[in-house]
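Structural overview
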Amino acid sequence: MVFAPGTAPLPGRPLAGLRVVEVSTFVAAPLGGMTLAQLGADVVRVDPLGGAPDHSRWPLAPSGVSLYWAGLNKAKRSFCVDLRSDEGRELVTRLITESGPGGGIVLTNSAGSWPAFEALAERRPDVIHLRIQGHHDGAPAVDYTVNAEIGFPMVTGPEGHADPVNHVLPAWDVACGLYAAIGILGAERARRTTGRGQSMTVALHDVALATAANLGFLAEAEVAGVDRPRIGNHLYGGFARDFATRDGRRVMVVALTSRHWRDLVAVAGLTEAVAALESALGADFSTEGDRFTYREALAALLGRWFADHDLAWLRDRLRGTSVLWSTYRTFAELVREQAGELRANPMMDVVEHPGIGRHLAPGSPITLRGAERRDVVRAPVLGEHNDEILRDLGLRDDEIGDLYERRIVSAPR
């Protein structure tokens, strides 16, 4: 297998030798492909001429280059081809079916009938094909519509707020992309033992529905008859919430266990006051349920302590305890205040991307023992690897030049 310069899987990468052809756009499928690429797979992202709709999606660098696209396509190769033409589709089909024993894998969220498993399987019986879709029946959906359907926006936001509140993280896209990567790895393992390929779908709605059910949200409504309320930044069924400090910062404090709770009360000097409140209420604050039931009273006690001290002082006091806590930051504050910590994280590296410049970018969050993690490979520019991919297919330079002239493939941009 031929790899692009600088993108060949490094020693210790478990997916070296695997090739995935990704025909995709937006978040879920590109994230699934990048997950595999950062573990050593040769992932070829296929885009139409001019780029897919996500190629210019916000956020943008000052130059207009999409930071979003650059972030979700690291460590891949790019093949830009006319997907509306039979000749262009034939090139992609060959890229899938003629890619050696580690290839024959396609990841797509294309809503159309191409690339279809049946047609690919006729030419390569062991092909692995995974399609991401909206609903299990093929009906369209995106993260934001799925999130509304499942119910999360109706329990998100401050207590008493009447309207839905969408969260900004496309959680179902992210989870769906990771499910897709796992599905491909499972099918590839089965192929190695049986020789058979596989056709799979992962529906965005199913991912969200499964998550809501796995976490007990649906059973709570069905079996217990509970319509979960909005509780702002409190933790449902336990004690956690945000507090303001004297110098205008805000912290999130979490006491999941009785040890966390004891340490929090002790460091705040509230042991006697909390014990008196516990006695007066007939409560047992060693239990999560009572800490949640009387959360407002407990928060009022702790809120005064946090409000009377600056963040630096609180940080010193909480250091060494079991209390789980963090400072609220904007993304800009994170980059500014934690620059040293970010650069020290072995997952992070500085990459140089055309049109963006030098910036911090992450590799895989998975740590492989003995493997170097500071090896982040930037996302390609559109069509950057056209020539080498076409040579992989056995085309001569004059044939490649003819494809450019006839606009079957486009020059890198």
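Located above this text is the structure these notes cover.
Notes on the overall build of the protein
Along the backbone of the protein there are 17 helices and 11 strands. Each principal axis of the C-alpha atoms in the protein carries an extent, and together these give about 85 × 50 × 40 Å. Sorting the 413 residues of the protein into buried and exposed places 45% on the buried side. Across the protein, every contact between residues at least 6 apart in sequence was considered, and the portion connecting residues at least 24 apart equals 67%. Carbon and sulfur atoms form 56% of the exposed surface of the protein, whose accessible area is close to 20500 Å². Placing the 44 positive and 51 negative side-chain charges of the protein at their respective mean positions leaves the two points 4 Å apart.

Overview of the packing of aromatic side chains
Taken as a whole, this structure holds nine aromatic pairs when the rule is applied. Centroid distance Trp305 to Phe306: 5.0 Å. Interplanar angle 75°. Geometry classified as edge-to-face. Residue classification places Phe306 among the buried residues on the basis of a relative accessible area of 1%. Between the aromatic rings of Trp305 and Trp313, the centroid separation amounts to 6.0 Å while the plane-to-plane angle is 65°, which identifies the pairing as edge-to-face.

Focus: unusual backbone geometry
A cis geometry characterises the amide bond from Trp58 onward to Pro59, with omega recorded as 5°. In this fold, Pro59 is placed in the loop between strand 2 (42-47) and helix 2 (67-72). Omega for the peptide link from Trp114 to Pro115 comes to -5°, which places this bond in the cis form. For Pro115, the position within the fold is in the loop between strand 4 (105-108) and helix 4 (117-123). Positive phi, normally seen in glycine, also occurs at Phe26, with a value near 65°. In this structure, Phe26 sits in the loop between strand 1 (19-23) and helix 1 (28-37). The exposure class assigned to Phe26 is partly exposed, which follows from its relative accessible area of 35%.

What to know about helix 3 (residues 86-97)
Look at helix 3: 16 Å from first C-alpha to last across 12 residues, which is about the 16 Å you get at 1.5 Å a residue. Of all the residues in helix 3, the buried ones are Gly88, Leu91, Val92, Thr93, Arg94, Leu95, Ile96 and Thr97.

Quick word on the sheet that holds strand 9 (residues 324-327)
Strand order in the open sheet formed by three strands is 7-8-9, with antiparallel pairing between adjacent strands. Across the chains shown, the open sheet's two edge strands, defined by having one partner strand only, are strand 7 (239-244) and strand 9. Here the average twist between neighbouring strands, direction ignored, is 15°. The pairing of strand 7 with strand 8 (residues 250-255) spans six bridges and is classified as antiparallel. Bridged to Phe239 within strand 8 is Ala255. Across the face of the sheet, helix 13 (residues 311-318) comes into contact with strand 8 and strand 9 while running at roughly 155° to strand 9.

Observations concerning the pairing of strand 1
In terms of burial, strand 1 is a largely internal element, five of the five residues being buried. Judged by which residues are buried, strand 1 turns out to be covered on both faces: Arg19, Val21 and Val23 on one side and Val20 and Glu22 on the other are all buried. Pairing geometry for strand 1 and strand 2, over five bridges, is parallel. Across the sheet, residue Val21 finds its bridge partner in strand 2, namely Val44. With helix 1 bridging strand 1 and the parallel strand 2, this β-α-β connection has right-handed handedness.

Quick notes on the pattern of salt bridges
Tallying each qualifying case throughout the model produces 26 salt bridges. Where Arg45 meets Asp47, a salt bridge forms, and the shortest distance between an N and an O atom there is 2.9 Å. In the salt-bridge network here, residues are joined through shared partners; they are Arg19, Asp42, Arg77, Glu388 and Asp392.

Here's the deal with the nonpolar core
Grouped together as the largest cluster of nonpolar side chains are 31 residues, with contacts concentrated most on Leu36, Leu107, Leu130, Ile132 and Cys176. Ranked by residue count, the leading element in this core is helix 6 (residues 171-194), at six residues. With sequence-adjacent residues up to four places away left out, Ile132 is seen in contact with Ala28, Ala29, Leu107, Thr108, Asn109, Cys176, Ala180 and Val202. Counting residues in hydrophobic clusters, the runner-up holds 25 residues, among them Leu83, Leu120, Leu395 and Val409.

Remarks on the environment of Leu368
Relative to the elements of secondary structure, Leu368 occurs in the loop between strand 11 (357-362) and helix 16 (386-392). Residues Leu368 and Pro30, spaced 338 residues apart in sequence, show a C-alpha to C-alpha distance of 22 Å.

The rules behind the values
Residues numbered from 1 in each chain as written. Predicted model: local features only at pLDDT ≥ 70, side-chain atom pairs only at ≥ 80, totals over all residues. Heavy atoms only, no water. Helix = DSSP H or I, 4+ residues; strand = E, 2+ residues; numbered from the N terminus. Buried < 20%, exposed > 50% of the residue type's maximum accessible area, 1.4 Å probe, protein only. Contact = heavy atoms within 4.5 Å. Areas by Shrake-Rupley, 256 points an atom, 1.4 Å probe, with all protein chains shown as cover. Lys, Arg positive; Asp, Glu negative; His and termini not counted. Charge placed at Lys NZ, Arg CZ, Asp CG, Glu CD. Phe/Tyr/Trp six-rings, centres within 6.5 Å; stacked < 30°, edge-to-face > 60°. Expected span 1.5 Å × (residues − 1). Pairing = 2+ DSSP bridges. Axes fitted to C-alpha atoms, helices over the stretch in contact; angles between N-to-C directions. Right-handed = clockwise from strand over helix to strand, strands pointing away. Salt bridge = Lys/Arg side-chain N within 4 Å of Asp/Glu carboxyl O. Core = buried A, V, L, I, M, F, W, Y, C linked by side-chain atoms within 4.5 Å.

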